[in-house]
Amino acid sequence: MLRLLKRCSEQYRVAPILIAIAHKNQAGELRRALSSALNQSLVKRGMAQVVVLDDQSDARWQVHVRDLLTDPAVTELSAECGSPARARNQLLDWADRQPSIEWVARLDADDEFVDNHSLEALLEAPRVPEAVAVVGSNALRQGEEILPWVNRANAEELFDLDHLTAYVKRFSSGEQERELPSCNLVLKNRLGLRYPNTRSAEDHWLLCNLIIKYPGKVCAVSDSLYCIYKLGGTDTSANRSTGVWHDQRQRLAYFLERLNRLKKGPFHIVGYGMEGIVWWQGEQLVKEFYPWAMPDEDVERLDQLLANAPCSIPEVTWIKANGVWQYRTPRLESRPVGTHMPKETLSSFLQGLYRSRICALNIKRDNLRLDNEGNLLYIDIGKDICGLSTSLFLDMAARLYSIGVLGNDDEELVRRLSWRTQDESLGQLPGFSDFYRELMEDLHSRPMVGQYPPLPAKRYDQVTLLIKACAQDAQGFFEQVSHIVHQLAYPASFAQILVLIDDHPGPFLRQYAEPDLPSLIEQTEQLKKAGIVDGYLIPPADTTTIQEVYDQWFNSREVVQTHTTKNAPLYPQIWAFSVLDTPYVLQCDCDALVGRKSWNHDFLADMLDAIRPKNVVGVGFNIPKWTDLFLEYFGEPGQFAPEVRFGLLDLQGVKEHLPINNPVENGRFKLTWHRAIQQYQRSNECCTCVRGGDPASFYVHPQNTDKPALRSGVIRDLIAQGILPAHQEEQFDLVVEPEWQYPERGEPVIFLLKGRCTPAQKLHRCLDSLARQTDQSFGVILIDDASGFQKTWYYPMMLSDFEGRYTLVRHAQRKGRMPNFLLAIHEICARADSLIVVLDQDDFLMRDDVVAQLLVARSRGSDLIQMPMYRPDKPLKLYQPDYRQPRKQGAGNTWAHLRGFRKSLFQKVPERYFKRPGGDWFDCATDYATMLPMSELAENPAFLDTGYAYWHERAPYSASHKAHQAELIPEILANPIAKELAEPTPVDEECGT
């Protein structure tokens, strides 16, 4: 951006004439030019001021001219222009904003005025009214020698288009040495014309443009000399050696000749530029491109690109006539844009281009129009229209914002330091970061169907869920109860959910753990605080209450023991039945494992229908079945006891049959309550309990001896998802062997979603972006690192769009990032050629063809693929990976999302690269730890940039996390280059097609 280093004095600020000098590393020559400027008679009299613009010169250039820069007539500027043309345009832009300046006199840094009156003589020469420019004559210097001939500004040669065309053709073809006197130019301020950004002849183009656009208003002074022009300057010599100098002059000659011919025909010339000439032909607008400006391949590219162009780009028809390309488009009513444009207009324009996957790069006011509705149009259809990429779109948006919102000059933004990163340059635009963030949010805000966690559609006020526990169940109690409750939480809710705590101290029937009643009660309190259960019951231990309950059930007051002769609990459960205020209770043991194959199955509705007949008092919860078909409920009186482990009980129905018989032995009842009811049913045949129903919801009961196998949480997680091995079908009790395993994935592309405590709406957004993919031939591995069932119970519902294509892992204990990585790749991903794509659960894919692009790149042999990432906290930052020695570049953005790699590539990385020097796994910065060595080993890495692909959103890291990461990354970078030290590693050979 332009910086003011020193302002001229007040006396010179009102001077109407500006001598403008731009330079870059020309301090020695600049001294001669600046001295000649300060010695001008108009400067001495305060009628002219001098401005010096430095375009990124090396340090200390001012030492050579410091005394001259301190002159009160001098203003000193610094800018990041990048080319001579842009530097001169920057001076013209600056002059436009100075109210006193009427004329701008150009002086190159390696030229000088002929004498002290050169500028005054040029301006005092007779000129036409309303003149916009004066062209002077110049002498020539070769080294330090002034040559004997001069370059005269001849009005007859310059101002007749036929003569001008012939003149340019002669020197462009080498017939004459004398060129246009375009360096000797004094220009009316605020005229609006600018130098084209070509590498040579830009001053010739500007002079010709002046003459053509302002016929009769450009004056030539041939008798007095304006300046001494240096031949063989640095830029000129370089351009001659590359052929650019010759090519640009020939192109100028072609342009003049073609324009001259068109002007003599029946055409109304609308305009022209560096690509072609535009004219009206009836009701059609025709643009004819110069031969060099539009080759056949670009027409083919544009034709395909514009097939789905937004309405902001006019529809065109391509025609090739006489070897050059034209396009034609119908007349469209429009008007020029102003200095400023509404943000909403710019945003709508940019969104249309982005969705059409197009970038229009030549953003300037001349190329923009407004239609009758105020919509922005882009009318410069040519090679500057390109396919979408993140860098091009960001640059396009910034240019549009710069001119439309900030009102900057057209070229203000393109003048920036070549060594400055794009986000650093654009970050200096006031308000642009927020504008771009809002633009991205508008582009990628999509309505999503469904609410998570889902809310039950109805409530069964007549049913209590009662979960029975004792002191030996303390280990893992919170998570196990959470599992039961949440597995039963949908599609309907209960009147209340209670925990029944048997406070018996032990010993226990089939005891498997040390009792810990305080822990059990504490965890139950936590369950209540978390809203998972509504409360808990502990039976009163007084003799009177025990006797009253036994008297109601068994017509006996002689027994006061709470457990049976076999030490099975009796009193706590029937006491609880007596205090419940709902007619039904769904009671279960706290170790029951609940499976759901369909979350839409209303198991309570089925069970309530089954228990409705007068003679039915109990309905068993279903068990795993070999079939998915509904099984009619059945059961003769006494055939089944009430399902004590998991079943629905009609409390009122049971009460109508009380008391029932229960034998007493040694001061204890012999039968549990459910066996006593079964015995009563057999003898009386007046009531029954039934089993059957829809196996979409079921339970499995683990024997106490098998409970150690549950500690990993794998079996519980699989059962919860309705995933069962064949040997578990038709079994009430858990069958531990053979080993239970998560489903393998064998799709060509597999998305790996790891996370913990991910907010539901963010995970929903992530999965929604996968469901929107145009190509669905991918699998999903979702690993939750012990968030708990309260936060993950509904994940199978969220994954329903990927039925048969996903593997869900919900750990009971935290494993860490690298162990989860290895689990997914080594154990779940089955094919060596599968492309594994990391997608964080709180992020999402920003476009619907990500999978399609990945599959194409995979088919072309890419073994490591990345696509552009967008971060809303750093909206202007781009993350393009560099695979050339990334370890020397701080990983070279190889860590950045979106990242995908073949399993076979991952397996080539020695495991020690994933561990710290002490042997522990890297617990963060795993993106660096995995991607850096893979990028070194990859044979065909690819970065696919067709627009943003990955939205990466995270909370700011804490200071401690940043410090920890800063400790780990140097350890990762310190490892040797993987390609040099990698040993042959066994790789899966099973590669499906």
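Keep in mind that this is a model prediction, so the values were computed, not measured.

## Here's the deal with the overall build of the protein
Okay, step 1: Secondary structure summary: the protein contains 33 helices and 42 strands in total.
Okay, step 2: Relative to the globule expectation of 30 Å for 993 residues, the C-alpha radius of gyration of the protein, 42 Å, shows a markedly less compact shape.
Okay, step 3: Based on the C-alpha atoms only, the size of the protein along its principal axes is roughly 135 × 65 × 60 Å.
Okay, step 4: Looking at the protein as a whole, 57% of its 993 residues qualify as buried.
Okay, step 5: In the protein, 80% of the contacts between residues at least 6 apart in sequence involve partners at least 24 apart.
Okay, step 6: Seen as two clouds, the 109 positive and the 131 negative side-chain charges of the protein have centres 4 Å apart.

## Remarks on the sheet that holds strand E40 (residues 899-902)
Okay, step 1: Taking strand neighbours across the sheet as the criterion, the seven strands line up as E35-E34-E33-E36-E40-E38-E41 in an open arrangement whose pairing is mixed. For this open sheet the edge positions go to strand E35 (806-810) and strand E41 (941-943), each flanked by a neighbour on one side alone. Going from strand to strand, the sheet's axes swing by 15 degrees on average, the running direction of each strand aside.
Okay, step 2: Here helix H25 (residues 760-771) sits on the sheet in contact with strand E33 (749-755) and strand E34 (778-784), set at roughly 175 degrees to E33.

## Here we look at the pattern of salt bridges
Okay, step 1: The tally for this structure, following the rule as stated, stands at 58 salt bridges.
Okay, step 2: The shortest N-O distance in the salt bridge between Arg106 and Asp108 comes to 2.9 Å.
Okay, step 3: For Arg106, a relative accessible area of 7% gives the class buried.
Okay, step 4: On the accessibility criterion, Asp108 (12% relative accessible area) is buried.
Okay, step 5: Between Glu953 and Lys762 there is a salt bridge, and its shortest N-O distance comes to 3.7 Å. Of the two residues, Glu953 sits in the loop between strand E42 (950-951) and helix H32 (959-973) while Lys762 sits in helix H25, which places them 191 residues apart along the sequence.
Okay, step 6: Each member of the salt-bridge network shares a partner with another, and the members are Arg88, Arg106, Asp108, Glu202 and Asp203.

## As for the packing of helix H13 (residues 343-355) against helix H14 (residues 390-404)
Okay, step 1: Where H13 contacts H14, the axes come no closer than 11 Å and their chain directions differ by 160 degrees. Judged by the inter-axis angle, H13 sits roughly antiparallel to H14. Along this stretch, H13 crosses H14, giving a crossing that reads as right-handed. The residues of H14 that touch H13, namely those facing Lys343, Leu346, Phe349, Leu350, Leu353 and Tyr354, are Phe393, Met396, Ala397, Leu400, Tyr401 and Gly404.
Okay, step 2: Of the residues that constitute the contact of H13 with H14, the class distribution is 10 nonpolar, one polar and one charged.

## What to know about the UniProt feature "domain: Glycosyltransferase 2-like" (unreviewed entry) in the protein
Okay, step 1: Using the residue numbers shown here, the UniProt feature "domain: Glycosyltransferase 2-like" (unreviewed entry) corresponds to residues 19-153 and 761-894.
Okay, step 2: With 30% helix and 31% strand, residues 19-153 has its two end C-alpha atoms placed 20 Å apart.
Okay, step 3: This span, residues 761-894, is 31% helix and 17% strand, and a straight line between its end C-alpha atoms measures 29 Å.

## Considerations on the side chain of Thr564
Okay, step 1: Within the secondary structure layout, Thr564 lies in the loop between helix H19 (543-554) and helix H20 (571-579).
Okay, step 2: A relative accessible area of 2% means that Thr564 is categorised as buried.

## A closer look at the packing of helix H17 (residues 477-487) against helix H18 (residues 517-529)
Okay, step 1: Between H17 and H18, the shortest axis-to-axis distance is 9 Å and the interhelical angle comes to 45 degrees. Here H18 runs oblique to H17, going by the angle between their axes. Once H17 is placed against H18, the crossing between them reads as right-handed. For the pair H17 and H18, the contacting residues are Phe477, Phe478, Val481 and Ser482 in the first and Leu520, Gln523, Thr524, Gln526 and Leu527 in the second.
Okay, step 2: Each residue belonging to the contact of H17 with H18 can be placed in one class, and the counts come to five nonpolar, four polar and no charged.

## Here's the deal with the nonpolar core
Okay, step 1: Residues Trp318, Leu368, Phe393, Phe432, Tyr436 and Met440 are the most contacted members of the largest nonpolar core, which totals 56 residues.
Okay, step 2: Considering every element that reaches this core, the biggest residue donor is H14, with eight residues.
Okay, step 3: Formed by 55 residues, the second largest nonpolar core is a distinct cluster that contains Leu763, Ala857, Met869 and Leu898.

## Some points on the state of the cysteines
Okay, step 1: Here the structure, examined in full by the defined rule, presents zero disulfides.
Okay, step 2: Here Cys757 is not disulfide-linked; the sulfur of Cys766 is the nearest cysteine sulfur, at 16 Å.

## Some thoughts on the environment of Ala641
Okay, step 1: Its location among the elements puts Ala641 in the loop between strand E27 (631-634) and strand E28 (646-650).
Okay, step 2: According to the relative accessible area criterion, Ala641 is buried, its value standing at 6%.
Okay, step 3: The contacts of Ala641, once residues within four sequence positions are left out, are His674, Arg675, Gln678, Cys689 and Arg691.

## Describing empty space enclosed by the protein
Okay, step 1: A full pass over the atoms with the stated rule returns four cavities of 30 Å³ or more.
Okay, step 2: A volume near 90 Å³ is recorded for the largest cavity.
Okay, step 3: If you go around the largest cavity, the residues you meet are Glu479, Gly713, Arg716, Asp717, Asp784, Ser787, Gly788, Phe789, Thr792, Arg810, His811 and Ala812.
Okay, step 4: Breaking the lining of the largest cavity down by element, the ones donating at least two residues are helix H24 (714-720) and helix H26 (789-792).
Okay, step 5: When grouped by side-chain class, the residues that make up the lining of the largest cavity number two nonpolar, five polar and five charged.
Okay, step 6: Space inside the second largest cavity adds up to approximately 60 Å³.
Okay, step 7: In terms of residues, the lining of the second largest cavity owes the most to one element, helix H21 (residues 603-611), which gives three residues.
Okay, step 8: In terms of residue class, the lining of the second largest cavity is built from four nonpolar, six polar and two charged.

## Here we look at the environment of Thr946
Okay, step 1: Structurally, Thr946 can be placed in the loop between E41 and E42.
Okay, step 2: In this structure, the C-alpha to C-alpha distance between Thr946 and Arg357, residues 589 residues apart in sequence, is 7.6 Å.
Okay, step 3: With residues up to four places along the chain from it excluded, the contact list for Thr946 reads Arg357, Leu388, Ser389, Arg847 and Gln853.
Okay, step 4: Of note is the side chain of Thr946, whose polar atom sits 2.9 Å from the side chain of Gln853.

## Quick notes on the environment of Leu649
Okay, step 1: Of note, Leu649 is situated in strand E28.
Okay, step 2: Judged by relative accessible area, Leu649 falls into the buried class, the value being 1%.
Okay, step 3: Sequence spacing of Leu649 and Val617 is 32 residues, and the spatial spacing of their C-alpha atoms is 5.9 Å.
Okay, step 4: The contact partners of Leu649, leaving out residues within four places of it in the chain, are Phe577, Pro583, Tyr584, Val585, Ile611, Val617, Gly618, Pro642, Val654 and Trp673.

## A few points about the side chain of Gln496
Okay, step 1: By the element assignment, Gln496 lies in strand E22 (residues 492-502).
Okay, step 2: In terms of polar contacts, Gln496 uses its side chain to reach the side chain of Thr464, at 3.1 Å.
Okay, step 3: Once you skip the residues sitting within four places of it in the chain, Gln496 turns out to touch Val463, Thr464, Leu465, Asp534, Leu580, Asp581 and Thr582.

## Things to note about the confidence of the model for the protein
Okay, step 1: The share of residues in the protein with pLDDT of 70 or more is 97%, and the mean pLDDT across the chain is 93.
Okay, step 2: Under a pLDDT of 50 for its full length, residues 982-993 has, in the predicted model, 19 contacts with residues more than four places off or in other chains.

## Side note on the sheet that holds strand E12 (residues 276-281)
Okay, step 1: Pairing in this open sheet of five strands is antiparallel, and the strands run E11-E12-E13-E15-E14 from one edge to the other. Each edge of the open sheet is held by one strand with a lone partner, namely strand E11 (268-272) and strand E14 (317-321). For this sheet the average axis-to-axis angle between neighbouring strands, irrespective of direction, equals 25 degrees.
Okay, step 2: In this structure, E11 lies alongside E12, joined through four bridges in antiparallel fashion. Directly across from Ile269, in E12, lies its bridge partner Trp279.

## Considering the packing of aromatic side chains
Okay, step 1: Within this structure, the stated rule accounts for 48 aromatic pairs.
Okay, step 2: With centroids separated by 5.5 Å and ring planes inclined at 50 degrees, the aromatic side chains of Phe267 and Trp279 adopt a geometry described as tilted. Here the residue Phe267 occupies a position in the loop between helix H11 (244-263) and E11, and Trp279 occupies one in strand E12, the gap between them amounting to 12 residues.
Okay, step 3: Measuring from ring centre to ring centre gives 5.5 Å for Phe603 and Phe621, while their planes differ by 70 degrees; the resulting arrangement is edge-to-face.

## Notes on helix H31 (residues 926-937)
Okay, step 1: Here H31 is 12 residues long and its end C-alpha atoms lie 17 Å apart, about the 16 Å a rise of 1.5 Å per residue gives.
Okay, step 2: With 12 of its 12 residues buried, H31 lies for the most part within the structure.

Thresholds applied
- Residues numbered from 1 in each chain as written.
- Predicted model: local features only at pLDDT ≥ 70, side-chain atom pairs only at ≥ 80, totals over all residues.
- Heavy atoms only, no water.
- Helix = DSSP H or I, 4+ residues; strand = E, 2+ residues; numbered from the N terminus.
- Rg over C-alpha atoms; globule rule 2.2 N^0.38 Å.
- Buried < 20%, exposed > 50% of the residue type's maximum accessible area, 1.4 Å probe, protein only.
- Contact = heavy atoms within 4.5 Å.
- Lys, Arg positive; Asp, Glu negative; His and termini not counted.
- Charge placed at Lys NZ, Arg CZ, Asp CG, Glu CD.
- Pairing = 2+ DSSP bridges.
- Axes fitted to C-alpha atoms, helices over the stretch in contact; angles between N-to-C directions.
- Salt bridge = Lys/Arg side-chain N within 4 Å of Asp/Glu carboxyl O.
- Parallel < 35°, antiparallel > 145°, perpendicular 65-115°, else oblique.
- Left-handed = near helix turned anticlockwise from the far one by under 90°.
- Nonpolar A, V, L, I, M, F, W, Y, C, P; charged D, E, K, R; others polar.
- UniProt positions renumbered as here; feature names shortened; annotations may be inferred.
- Core = buried A, V, L, I, M, F, W, Y, C linked by side-chain atoms within 4.5 Å.
- Disulfide = S-S within 2.5 Å.
- 1 Å grid on protein atoms, 1.4 Å probe; cavity = no way out; pocket = protein on both sides within 12 Å on 5 of 7 lines; lining within 4 Å.
- Points joined across faces, edges and corners; volume = space filled by probe spheres on them.
- Polar contact = N/O pair within 3.5 Å; in protein donor to acceptor, adjacent residues only side chain to side chain.
- pLDDT = per-residue confidence, 0-100.
- Phe/Tyr/Trp six-rings, centres within 6.5 Å; stacked < 30°, edge-to-face > 60°.
- Expected span 1.5 Å × (residues − 1).

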